[in-house]
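Close look at the chain arrangement
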Amino acid sequence: MLKFYFHPGPNPMKVALFLAETGLPYELIPVDTLKGEQHTAEFKKINPNAKTPAIDDNGVRVFDSNAILLYLAEKSGKLQGKVQDRGELLSWLMFIATGLGPFSGQSVHFRHHAPEKIAYATNRYLREAQRHYEVLNEHLAGREFLVSDEYTIADVSAWGWIDKATVVLGEEGLAPYPNLQAWFNRISARPAVEVARNIGNDVAFKGEFDEEAKRAFFPQNFPKA
């Protein structure tokens, strides 16, 4: 049985959506990152980078959300797109993995979590996040999906972060990006999205972002224990 190590957040939700779309059987293993469970020796055997998501497929560990999507798509033969579109698929996956995701995360950090407001950093990461949204918006003009005419793991991966647009960009969210908004509405209307959003709803994850949570989520900001 595939083990899915999960905490609700943009990156784990990508994998949750893939599993909901494909119906692959799995065992959900909650990892409460606000309690620091990602830093345990047991979990770091699954992901030495101490982050969710991760999977254990009968002894094969895979970590990083985009690596997991590629692995599961190739293993199942689902949502991997056409062979002739492989280069395009990989390009958009890496765009999300190295651009959209990290810059969105830094925008969230400096807008909402930095202990001191640094105008340069806030502007830098917000503008870079906006630039990535602009790239996607331009690419999606006249398109239904990111790669060719087919729903793939590239859409699944992008959805995980675009779902958090108001947190990343502010109250305007997707309003300045009509093509991206239309794409997001199409993806979010899929029945699997509701299934994915309900994964882990019966788990009492910690909700308060207190001192313990800050130390667990941003250990690099504190002296080593």
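Everything discussed here concerns the structure shown above.
This report concerns the structure included in the present document. Bear in mind that the values here come from a model prediction, so they are computed numbers and not experimental data.

Cut-offs applied
Residues numbered from 1 in each chain as written. Predicted model: local features only at pLDDT ≥ 70, side-chain atom pairs only at ≥ 80, totals over all residues. Heavy atoms only, no water. Helix = DSSP H or I, 4+ residues; strand = E, 2+ residues; numbered from the N terminus. Rg over C-alpha atoms; globule rule 2.2 N^0.38 Å. Core = buried A, V, L, I, M, F, W, Y, C linked by side-chain atoms within 4.5 Å. Buried < 20%, exposed > 50% of the residue type's maximum accessible area, 1.4 Å probe, protein only. Contact = heavy atoms within 4.5 Å. Pairing = 2+ DSSP bridges. Salt bridge = Lys/Arg side-chain N within 4 Å of Asp/Glu carboxyl O. Axes fitted to C-alpha atoms, helices over the stretch in contact; angles between N-to-C directions. Parallel < 35°, antiparallel > 145°, perpendicular 65-115°, else oblique. Nonpolar A, V, L, I, M, F, W, Y, C, P; charged D, E, K, R; others polar. Phe/Tyr/Trp six-rings, centres within 6.5 Å; stacked < 30°, edge-to-face > 60°. Lys NZ or Arg CZ within 6 Å of the ring centre and 35° of its normal. Left-handed = near helix turned anticlockwise from the far one by under 90°.

1. Points about the overall build of the protein chain
Regarding its fold elements, the protein chain presents 10 helices and four strands. The order of helices and strands in the protein chain, counted from the N terminus, is β-α-β-α-β-β-α-α-α-α-α-α-α-α. The C-alpha radius of gyration of the protein chain comes to 17 Å, within 12% of the 17 Å expected for a compact globule of 225 residues. Viewed in the frame of its principal axes, the protein chain has a C-alpha envelope of about 50 × 45 × 30 Å.

2. What to know about the nonpolar core
Core analysis: the biggest nonpolar cluster contains 54 residues, and Phe 18, Tyr 133, Leu 146, Ile 153, Ile 162, Leu 180 and Trp 183 have the highest contact counts within it. Look past the residues within four positions of Leu 146 in its chain and what remains in contact with it is Trp 92, Ile 96, Leu 136, His 139, Leu 140, Ala 154, Asp 155, Ala 158 and Trp 183. In terms of nonpolar packing, the next biggest core, distinct from the first, is built from six residues, Tyr 5, Val 31, Phe 43 and Ala 54 among them.

3. A short note on the pairing of strand E4 (residues 60-63)
Looking at chain direction, strand E3 (residues 54-57) and E4 are connected through four bridges and run antiparallel. Note on E4: the bridge partner recorded for Ile 55 is Val 62. The turn linking E3 back onto E4 is made up of two residues, and Asn 58 within it adopts a positive phi angle of 55°.

4. Focus on the pattern of salt bridges
With the rule as written, the count across this model stands at 11 salt bridges. With its nearest N and O atoms 2.9 Å apart, the salt bridge here joins Asp 163 to Arg 197. Note that Asp 163 is positioned in the loop between helix H6 (153-162) and helix H7 (165-169) and Arg 197 in helix H9 (residues 191-197), a separation of 34 residues in sequence. A salt bridge links Glu 211 to Arg 215, with the shortest nitrogen-to-oxygen separation between them at 3.5 Å. Placement of the pair is Glu 211 and Arg 215 together in helix H10 (residues 211-217), with a separation of four residues, close to one helical turn. You can call Glu 211 partly exposed: its relative accessible area is 42%. Salt bridges sharing partners connect three or more residues here, namely Lys 82, Asp 149 and Glu 150.

5. Digging into unusual backbone geometry
Omega for the bond connecting Thr 52 with Pro 53 falls within 30 degrees of zero, at 10°, which places this linkage in the cis form. Topologically, Pro 53 is positioned in the loop between helix H2 (41-44) and E3. Unusually for a residue other than glycine, Ala 50 sits at a positive phi of about 60°.

6. Side note on the pairing of E3
Residues Ala 54 and Asp 56 point to one face of E3 and Ile 55 and Asp 57 to the other, with burial holding for every one of them. Pairing of strand E1 (residues 2-6) with E3, which is carried by four bridges, proceeds in the antiparallel orientation. From the neighbouring strand, Tyr 5 faces E3, where its bridge partner is Ala 54.

7. A few points about the packing of helix H5 (residues 119-139) against helix H8 (residues 178-188)
H8 packs onto H5 with a crossing angle of 75° between their chain directions and a minimal axis gap of 7 Å. Classified by the angle their axes make, H5 and H8 are roughly perpendicular. For the pair H5 and H8, contact is made by Tyr 133, Leu 136 and Asn 137 and by Pro 178, Asn 179 and Leu 180, respectively. A per-class count over the contact of H5 with H8 returns four nonpolar, two polar and no charged.

8. Some thoughts on the packing of aromatic side chains
Summed over all chains, the structure comprises 12 aromatic pairs. Taken together, a centroid distance of 5.8 Å and an interplanar angle of 85° make the contact between Phe 209 and Phe 217 edge-to-face. One aromatic cluster is present, formed by Phe 4, Phe 6, Tyr 26 and Phe 205 through successive ring pairs. The cationic tip of Arg 190 hangs over the ring face of Tyr 151; the distance from NZ or CZ to the ring centre is 3.7 Å.

9. What to know about the environment of Ala 175
Structurally, the position occupied by Ala 175 is in the loop between H7 and H8. Separated by 95 residues in the primary sequence, Ala 175 and Gln 80 place their C-alpha atoms 30 Å from one another.

10. Here we look at the packing of helix H4 (residues 86-113) against H5
Running from N to C, H4 and H5 point in directions that differ by 150°, and their axes come no closer than 8 Å. Comparing the axis directions of H4 and H5 gives the class roughly antiparallel. As for how H4 packs across H5, the hand of that crossing is left-handed. Residues Glu 88, Trp 92, Phe 95, Gly 99, Leu 100, Phe 103, Ser 104, Gln 106, Ser 107, Phe 110 and Arg 111 of H4 pack against Ala 121, Thr 122, Arg 124, Tyr 125, Leu 126, Glu 128, Ala 129, His 132, Tyr 133, Val 135, Leu 136 and His 139 of H5.

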